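Breakdown of the fold
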Amino acid sequence: GNSCLINRSAQKSPIMAFSTLPLAVLIVSAVVSTVNCGLQLQFKSSVDSIWPGLMNNLALTVAIDGDRFRTDENYEPAETSVRFWCGNRNHRELRLVQTDSYDIKVKLDTNKPVMFIIHGWMDNYTSHWVQDTVNDALSSLDVNVCAVDWANLAHYEYSATVDHTPVVSDQATKFIKIMIELGMKPNSITLVGHGMGAQICGQIGHNCNGEVGQIYGLDPAGPLFTTPSGGSLAFRLDKSDAKYVQFIITAKGTAGVTVGEGDENFYVNGGSYPQPNCGSIAINTGDAEFAKIVLCSHYHAYTLFRLSMNQLLVYPARLCSSWADYNAGRCIFNRMSRAGIYSLKLGGDYYLRTTALAPFILF
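Throughout, a residue's number is its position along its own chain's written sequence, starting from 1. For a predicted model such as this one, the threshold for reporting local features is a pLDDT of at least 70, and the threshold for listing and counting side-chain atom pairs is 80 or more; totals across whole chains, interfaces and linings nevertheless cover every residue. Note: side-chain values were computed over all heavy atoms of the structure, leaving out hydrogens and water.

Quick reminder of the rule: UniProt positions are given in the numbering used here, feature names are shortened, and annotations may be inferred rather than shown by experiment.
The protein is annotated in an unreviewed UniProt entry as Phospholipase A1 member A of Culex pipiens. What UniProt records for the protein under Subcellular location (unreviewed entry) is the sentence "Secreted". Database annotation for the protein, UniProt heading Sequence similarities (unreviewed entry): "Belongs to the AB hydrolase superfamily. Lipase family."

Structure, rendered in structure tokens:
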């Protein structure tokens, strides 16, 4: 029961690691929309510290969820701000499961593995990708599936939401600790997270001393976690957080991390925007279109992960040192793996090409 502890000593905000950031973020929030150059140029030329402001602009430009940022901090207590909606093959409809041993024992089968799915910033557990991933997991695997709902904490400005992530990982750690006390082996626990949700997975894994079985980071959020550099490993996903950690990278250097830190890192089409299914970018691309393309690329990671749960859909990737080497044919004799849960788990950096149309496989 001691393998999964809430690491109170590490629960300071990730932002505290960057003492100059709050002022920079405030300045950006005030002036970034008045800068003459567009979002595209700002991302390419900006100093790292203004990226949270750029992320806010991306979100507002496309009005994610038709939403504006919450500004109040009067959210519910952590116990109700973070909820767990779980199901399995015996009860496919997701039910709210309380963080107590009785409810977990009644509603989950602790003799079977569990997969937690954690949404990201400005998202919620009812979104199509979460629900589709839940359904595909229950169809493909005989497991418990829990969608982690932290929407009440996720709809704030970017930097404020980063501050909330330890609250989410704390609650998930408590939930997992109870499951372990009821007999579940840590190795049978899988965490799947997108964007900021992937970084929450890393925090949970850190709290559990890296003993959970697998973590799949779907284009893990970059700003304030790995950009600027120097953020604590306690707050970001890396290969020490589980027995096996996989990154699927689709919008590196913008919404996502620049470099994968997993046991295996899959760089889809080099890992950069625009992904082939998201359109193309020109010098004169407007802010709204640019924002849509970047976020579409960021979201593509969860689509590929979900599709990969179908064993017939193989996303073959080749071990390689760079996208340039991959394109130059310098890696054609290197070993191959496949992105997603059926990876060979041999370790390394892999590159793959996908197409513009679903299921995005290059035949």
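1. What to know about the overall build of the protein
What counts, and what does not: The numbering of helices and of strands both runs from the N terminus, where a helix is a DSSP run of H or I of at least 4 residues and a strand a run of E of at least 2. Think of it in three bands: with a 1.4 Å probe and only protein chains considered, a residue is buried below 20% of the maximum accessible area for its type, exposed above 50%, and partly exposed in between. Pairs of residues are marked as contacts when any of their non-hydrogen atoms sit within 4.5 Å. Accessibility throughout is a Shrake-Rupley quantity obtained with a 1.4 Å probe, and a residue counts as covered only by protein chains that appear here.
Scanning the protein for helices and strands turns up 11 helices and 11 strands. A burial count over the protein gives 56% of its 363 residues as buried. The long-range fraction of contacts in the protein, counting pairs at least 24 apart against all pairs at least 6 apart in sequence, stands at 72%. Surface summary for the protein: the accessible area is close to 14,800 Å², and the carbon and sulfur share equals 53%.

2. A word on the pattern of salt bridges
Rules: A pair is scored as a salt bridge if a Lys or Arg side-chain nitrogen falls within 4 Å of a carboxyl oxygen belonging to Asp or Glu.
All told, the structure shown has 5 salt bridges when counted by the stated rule. Lysine 107 is paired through a salt bridge with aspartate 103; the nearest N and O atoms lie 3.2 Å apart. With lysine 107 and aspartate 103 both in helix α5 (residues 101–107) and 4 residues apart, this pair spans about one turn of that helix. The buried category is assigned to aspartate 103, whose relative accessible area is 10%.

3. Structural notes on helix α8 (residues 158–181)
Spelled out, the test is: A helix is expected to span 1.5 Å for every residue after the first. In this scheme, the bend at a residue equals the angle between the axes fitted to the seven residues that finish there and the seven that begin there.
In this model, α8 (24 residues) spans 35 Å end to end at C-alpha, consistent with the 34 Å of a helix rising 1.5 Å per residue. When the local axis directions of α8 are compared, the greatest deviation, roughly 30°, occurs at histidine 164, which is followed within four positions by the proline proline 166. The buried count for α8 comes to 18 of 24 residues, which makes it a mostly enclosed element. Two residues or fewer past α8, glycine 183 is found with a positive phi of approximately 115°.

4. Here we look at the state of the cysteines
Which entries qualify depends on this criterion: The term disulfide is used for any two cysteine sulfur atoms that are within 2.5 Å.
This structure, assessed with the given rule, holds 3 disulfides. Bridging cysteine 278 to cysteine 296, the disulfide has an S-S length of 2.0 Å. What sets the handedness of the cysteine 278 and cysteine 296 disulfide is the S-S torsion sign, and at about -75° it is left-handed. Placement of cysteine 278 in the loop between β8 (264–268) and α10 (287–308) and of cysteine 296 in helix α10 is noted, with a sequence separation of 18 residues between them. With relative accessibility at 9%, the residue cysteine 278 sits in the buried group.

5. Remarks on helix α6 (residues 128–140)
Condition: The arc in question is the one spanned by the directions pointing from the helix axis to the C-beta atoms.
Between the first and last C-alpha of α6 there are 18 Å, a value that for 13 residues agrees with the 18 Å anticipated at 1.5 Å per step. Burial in α6 covers these residues: Trp129, Val130, Thr133, Val134, Ala137 and Leu138. Looking straight down α6, one finds its buried side chains confined to an arc of 160°; they lie on one side.

6. Structural notes on the sheet that holds strand β9 (residues 316–319)
Heads up, the rule is: The criterion for strand pairing is that DSSP finds at least two bridges linking the strands in question. Here the axes come from fitting lines to C-alpha atoms, over the contacting stretch only for helices, and the angles between their N-to-C directions go from 0 to 180 degrees.
If you walk across this open sheet you meet the 11 strands as β2-β1-β4-β3-β5-β6-β7-β8-β11-β9-β10, and the pairing is mixed. The sheet terminates laterally at β2 (91–97) and β10 (336–338), the two strands that pair on one side only. With direction set aside, neighbouring strand axes in the sheet form an average angle of 20°. The pairing of strand β5 (residues 189–194) with strand β6 (residues 214–218) spans 5 bridges and is parallel. Among the inter-strand pairings, glycine 193 is bridged to a residue of β6, identified as glycine 217.

7. So, unusual backbone geometry
Glycine aside, a negative phi is what most residues show, and trans is what most peptide bonds show. Of note, the amide linkage connecting tyrosine 273 to proline 274 takes the cis form, showing an omega dihedral of -5°. Here proline 274 shows up in the loop between β8 and α10. Between alanine 358 and the following residue, proline 359, the backbone shows a cis peptide bond with an omega angle of 5°. Residue placement: proline 359 occurs in the segment after β11 (348–352). With a phi angle near 45°, aspartate 219 is a residue other than glycine that sits in the positive phi range. Residue classification places aspartate 219 among the buried positions, given a relative accessible area of 0%.

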